[in-house]
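Chain and residue survey
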Amino acid sequence: MKAASFEHHEPTTVEEAVSLLESLDEPTILAGGQSLVPMLRFRLARPDTVIDINGIDSLEYLHEEDGYLRIGALARHADVEDTDVIADRYGSFADAAPLIADPQIRNQGTVVGSMAQADPKGDWGSVLIAHDGEVTARGPDGERTIPVDELFLLPYDTSLMDDELLTEARVPAPVEGEGSAYHKLKRKTGDYAMAGVAARLVLDDDGRIEDAGIGMTAVDITNARAADAEAHLEGERPSADLFEEAGELAAEASNPESDEHGDAGYKERMVDVLTQRALGDAAERAGAVKRRVPQ
Amino acid sequence: MSSESDNTTEPTEYQHDDDGGPQPEKHCGHGRGGMGEEVTRKEDKRFITGRGNYVDDIKKPRMLHCEIVRSPHAHARIEDIDGSRAMALDDVVAVLTADDLLEHGLATMPTLMDDTQDVLVNDKVKFQSQEVAAVIATDRYAAKDGAEKVEVEYDVLDPVIGAEEALEDDAPVIREELDDQDDNHIFDWETGDAEATDAVFDAADVTVEEQMEYQRLHPAPIETCGCVADWDPGDDKMTVHMTSQAPHAHRTLFSQVSGIPEHKVRIVSPDVGGGFGNKVPIYPGYVVAAAASYVLERPVKWVEERSENIQTTGFARDYDMTGELAATENGEIKGVKVDVLADHGAYNAAAQPSKFPAGFFNIFTGSYDIEAAHGSLTAAYTNTAPGGVAYRCSFRVTEAVYLIERMVKVLADELDLDPAEIRRRNFIPSDAFPYESATGWNYDSGDYEKALDKALEMADYDHYREEQQRRIEEDADKLIGIGISSFTEVVGAGPGKQCDIAGIEMFDSADLRVNPTGNAVLRVGVQTQGQGHETTFAQIIAEELGMDVDNIVVEHGDTDTEPYGLGTYGSRSTPVAGAAAAVAARKVRDKAKSIAANELEAAEEDIEWDRESGEFHVAGAPERSITITEIAAGAYMNHPGSEEPGLEATNYYDPPEMTYPFGSYIVIVEVDRETGEVDFEKFVAVDDCGNRINPMIIEGQIHGGLAQGIGTAMMEHVTYDDNGNVTGGDFMNYLLPTAKEIPNFDTGHTVTPSPHHPIGAKGVGESPTVGSPPAIVNAVVDAMSHSGVSHVEMPMTPDAVWEALDEAELTLEPSANVDFAFDTSEEPADD
Ligand SMILES: Cc1cc2nc3c(=O)[nH]c(=O)nc-3n(C[C@H](O)[C@H](O)[C@H](O)COP(=O)(O)OP(=O)(O)OC[C@H]3O[C@@H](n4cnc5c(N)ncnc54)[C@H](O)[C@@H]3O)c2cc1C
């Protein structure tokens, strides 16, 4: 790597980081570095100053607390893979983590950094959408909470201010009858998604869908919500036909572009397929039983 | 190819046994690390402990760093280059342009196909990322900072992308600087007998045709290209440590280009992190670094970045092929035709023996006894990086094998014949060797049916055929496909009279010196980039002299100490330098006999060498024996007056013929009807490379090559957009498979020795890359051929496979076979 030269700061507290953000001219935060370092290497990013937050121990956490799954800014993708509560209760997180990049990248890259990066091909944005998640930002004026739907503006662009640090991402802890899943289509380990879909379902006592969340990866200018599909599901019982309709609605809501990895039409069709698969797994995890239909 | 070479190989016990021919695996395992033993790789200790020494590890006092300024445009005239802002930076020492190189006669360099390539663009840029200027600075960051500050004014021209477009009448002419060049046509090439082939086609019961593209690939070695050039004005000597697969040939070329006498040029190829054909050509970066070192009288390092490697150095393949077969209705193949459109990029810089503009492509009759064959090829310039290197293959043999193995599958489907059976009906019979093909190749030996039968058994072929049928009948969500490839390779170039690199005949060499204490140094003219030469060549010596393999060290890669050789590519090291090593060892053995006679006080005629014990003894008195260690001492401390002192021999080996490794691969895939994703269910590879030196190293070579075959078939492609921008020029877009994408391989082997090679070996490094892509494509096609699919282009992305499924009306919705019920109720939930 032959990055242009920059000044490197290593704060050890959130307060110190925020005051550096405020005082320095256009500083850039370095978390896991798995998006920033490639940009430095290609000199697409040429910051004068870099604030490396890896020394802020208070940001290293990943746990359930006060009805939320709380993900500190230094929780790595690999931590999500290795945390019991995730494996037990958060199907979509458990599905997504091992599908991100490769093990080396997962040991460094952070969930919160992914949210800040706002890459439409990032996986966590879709998972947070499906779970109605939010992020916490700390700036000179204190702390504020940004719902995920208000975070992503454009590719690599968020509603975060230049002098704000993201400290946490969180989603409400699952309720009784909830299940979630993530399905991703990629060409190889280390490749971003051609398309990905996160789905979350809450079934009521009667087996009807009480609440549904669907987030889509790599098929629009940001991670995107399939709102029509969500609305179509609510109040219905899970069935293959219902999921097929939801898949079609999600595909209609998507706006993929053709690239080296796949044609737009194909990706749209894959949104349909992946939505059905993710809904299927989410429903199963919520307590429904998947049965093969005799021919 | 036949040859009248008089380079006879001495008959030995190993080669000629009682019944005349070389015997498979006859002399394995004397426990000294000779032929057939799984000796642990000697080179691995230094690699595993981080003590390898690659070009980028080399640091010299006062060393400068070179960064190349590259064109963002694919086709543009350079109006002006201004390096003043770069020179104004503190750490920048020099900015070089074509004008500076012109002064030293280094503005252009010859390609391996005798074209002339700009080292730094003189007038017109011909491909994106072409070398425009160079910045020399005190460290690599400063060099890059300087490169950003060089201002270049371009007059942008319309680019020509794609060979077909390049040959259109109104296409802009890329190489107008060449005399007589008023279009983008490079050459036409033809092979075989057109008339005889037409006649066979006219008379045939059935003919089939298929168009297929062998996409542009890049060898993508993990270590990119680079060098440290060091001009020593005290000795007037240029030393270049560089990533070279052919150090001696590069020395000669370097001397010719620079005018520095060859004895004042030293090329050292240290540890090389993969070559795969990418490190056979000379690249502008090497020349620029050497020129800069010469001018500045300081060492200069140049090391490519990943994207520079993929975007500018020798690509492979890029053949657009149309194949045709003529056959009887029971599947006997009578004729084959092929027509190729080849994209060579902006310069004709293919890496082939100079008399073979299309490499060994005319081996496209493959493993089959075909009466008539004809091939034609047209090559074109385009505004893309130059190339056409032999990526882990012998000179276009990969393209040839792909063509014939795909066509056999197309024919099998047309005739509704089993693809294994149709191969069997057409194989060159095992008793027909040596066999001359319709395009003039002389196959040394083969037993194709045996390898196929073994592969079929290992693959549980009949079971999977049944399973395939069952899935079709049940309309299952995943289809089974079974693909076969029964390939024949041609490796081991020379013979020198037919094959040369820039005029230098393709022999190779070995120089063996046995020390007074009984250990030995073997120096070879080939160069290892992962093939394990330091181990396998030592095993050849161990076998031939009865030494312990640990007592032999193999040196390579330094032109000041190694004998002249043509380098490692085209699976030629074992067939050529391996032969030289064996012959040199036998020369030493002959001399050893006279020393043994002296030591044992017997007549030389009475001294016998016993391969089993590795000792020399007096005929009829095995207890009067002596080892090579004792003989070595005798050679230096008590040498017989009849001989020179010392125990050394050199051999330059010009092979009488090439060797023809072969094999049968069977790939079984599952194709997902919802997404087009392909999963490998089983992957069987049966290889025959003649006598086997180190089975473990062979296995490793096969595994690596199969992985590259999977990359080829499934993911790799150097793509361009219409403006000539490389869109597949880094590892986010040029996808290489990882261990996760690679299935378990079931490997097997048969042994059919080469009759003309001193140890009956054939070469194996490239068989898997050559043989596996058609097996994989055949498997994916086979999953859909019941619905009429006859071809899927590589790389077979999920998208491409899904399109094929869709056209054959085979796609499926996830909802097709399931429904949901809540709780544990038995009935599907009503809705
Ligand atoms: C080869 C490769 C493959 C990949 N594949 C995938 C994939 O399949 N799926 C996927 O989701 N991701 C993928 N990634 C991206 C990876 O997940 C990154 O780790 C992630 O996008 C960014 O997290 P990071 O911690 O590495 O952030 P960094 O690289 O350190 O930072 C990224 C950006 O976010 C900003 N930032 C980081 N943290 C904060 C913060 N706390 N507050 C404010 N701003 C902040 C930085 O300033 C920077 O602009 C891949 C990356 C690579 C190199």
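Residues numbered from 1 in each chain as written. Chains lettered and ligands numbered in written order. Predicted model: local features only at pLDDT ≥ 70, side-chain atom pairs only at ≥ 80, totals over all residues. Heavy atoms only, no water.

As recorded in an unreviewed UniProt entry, chain B goes by the name Aerobic carbon-monoxide dehydrogenase large subunit, listed as coming from Haloplanus ruber.

Chain A goes by FAD binding domain-containing protein in an unreviewed UniProt entry, where it is assigned to Haloplanus ruber.

Considering helix α13 (residues 461–473) of chain B
All names here are of chain B. Helix length check: α13, at 13 residues, gives a terminal C-alpha distance of 19 Å against a target of 18 Å (1.5 Å per residue), a fit within 8%. Within the sequence span of α13, burial applies to Tyr 461, Tyr 464, Arg 465, Glu 467, Gln 468 and Arg 471. One side of α13 holds all its buried residues, which, seen down the axis, span an arc of 165 degrees. Facing away from the buried side of α13 by over 90 degrees, the exposed positions are Asp 462, Glu 466 and Glu 473. Close packing links the buried residues of α13 with α11 (419–426), α12 (448–459), β21 (478–488), β31 (662–672), β32 (678–688) and α18 (767–784). (Helix = DSSP H or I, 4+ residues; strand = E, 2+ residues; numbered from the N terminus. Expected span 1.5 Å × (residues − 1). Buried < 20%, exposed > 50% of the residue type's maximum accessible area, 1.4 Å probe, protein only. Arc of directions from axis to C-beta. Contact = heavy atoms within 4.5 Å.)

Quick word on the pairing of strand β15 (residues 315–327) of chain B
When a strand is regular, its side chains alternate between the sheet's two faces. Residues and elements named next belong to chain B. Among the 13 residues that make up β15, 12 are buried, leaving the element largely enclosed by the rest of the structure. Of the pairings in the sheet, the one linking strand β10 (residues 206–217) to β15 comprises 11 bridges and is antiparallel in character. Bridge assignment links Met 212 to a residue of β15, and that residue is Met 321. Bridge count between β15 and strand β18 (residues 387–389): two bridges; the pairing is parallel. Residue pairing in the sheet places Ala 316 in a bridge with Val 389 of β18. Connecting β15 to the next strand, strand β16 (residues 333–343), in antiparallel fashion are five residues, including Gly 331 with a positive phi near 90 degrees. (Pairing = 2+ DSSP bridges.)

Some details on helix α8 (residues 284–296) of chain B
All names here are of chain B. In a regular helix each residue adds 1.5 Å, so 13 residues correspond to 18 Å; α8 covers 18 Å between its end C-alpha atoms and thus fits that length. Among the 13 residues in α8, 10 count as buried, and that is most of the element. Turning to α8, its buried residues are Pro 284, Gly 285, Tyr 286, Val 287, Val 288, Ala 289, Ala 290, Ala 291, Ala 292 and Ser 293. Glu 297 occupies a position one or two residues after α8 and carries a positive phi of about 55 degrees.

Things to note about the pattern of salt bridges
Per the counting criterion, the structure on display carries 86 salt bridges over all chains. The partner of Asp 318 of chain B in a salt bridge is Arg 216 of chain B, with the nearest N and O atoms 2.7 Å apart. Placement of Asp 318 of chain B in strand β15 and of Arg 216 of chain B in strand β10 is noted, with a sequence separation of 102 residues between them. Of the two residues, Asp 318 of chain B and Arg 216 of chain B, both sit in the buried class. Between Glu 544 of chain B and Arg 586 of chain B there is a salt bridge; the shortest N-O distance is 3.1 Å. Taken together, the residues Glu 544 of chain B in helix α14 (residues 533–545) and Arg 586 of chain B in helix α15 (residues 573–600) connect sequence positions 42 residues apart. Taken as a pair, Glu 544 of chain B and Arg 586 of chain B share a single burial class, namely buried. Bridged by salt links that share partners, the residues Asp 132, Asp 149, Glu 178, Arg 200, Asp 211, Arg 225 and Glu 230 of chain A form one connected network. (Salt bridge = Lys/Arg side-chain N within 4 Å of Asp/Glu carboxyl O.)

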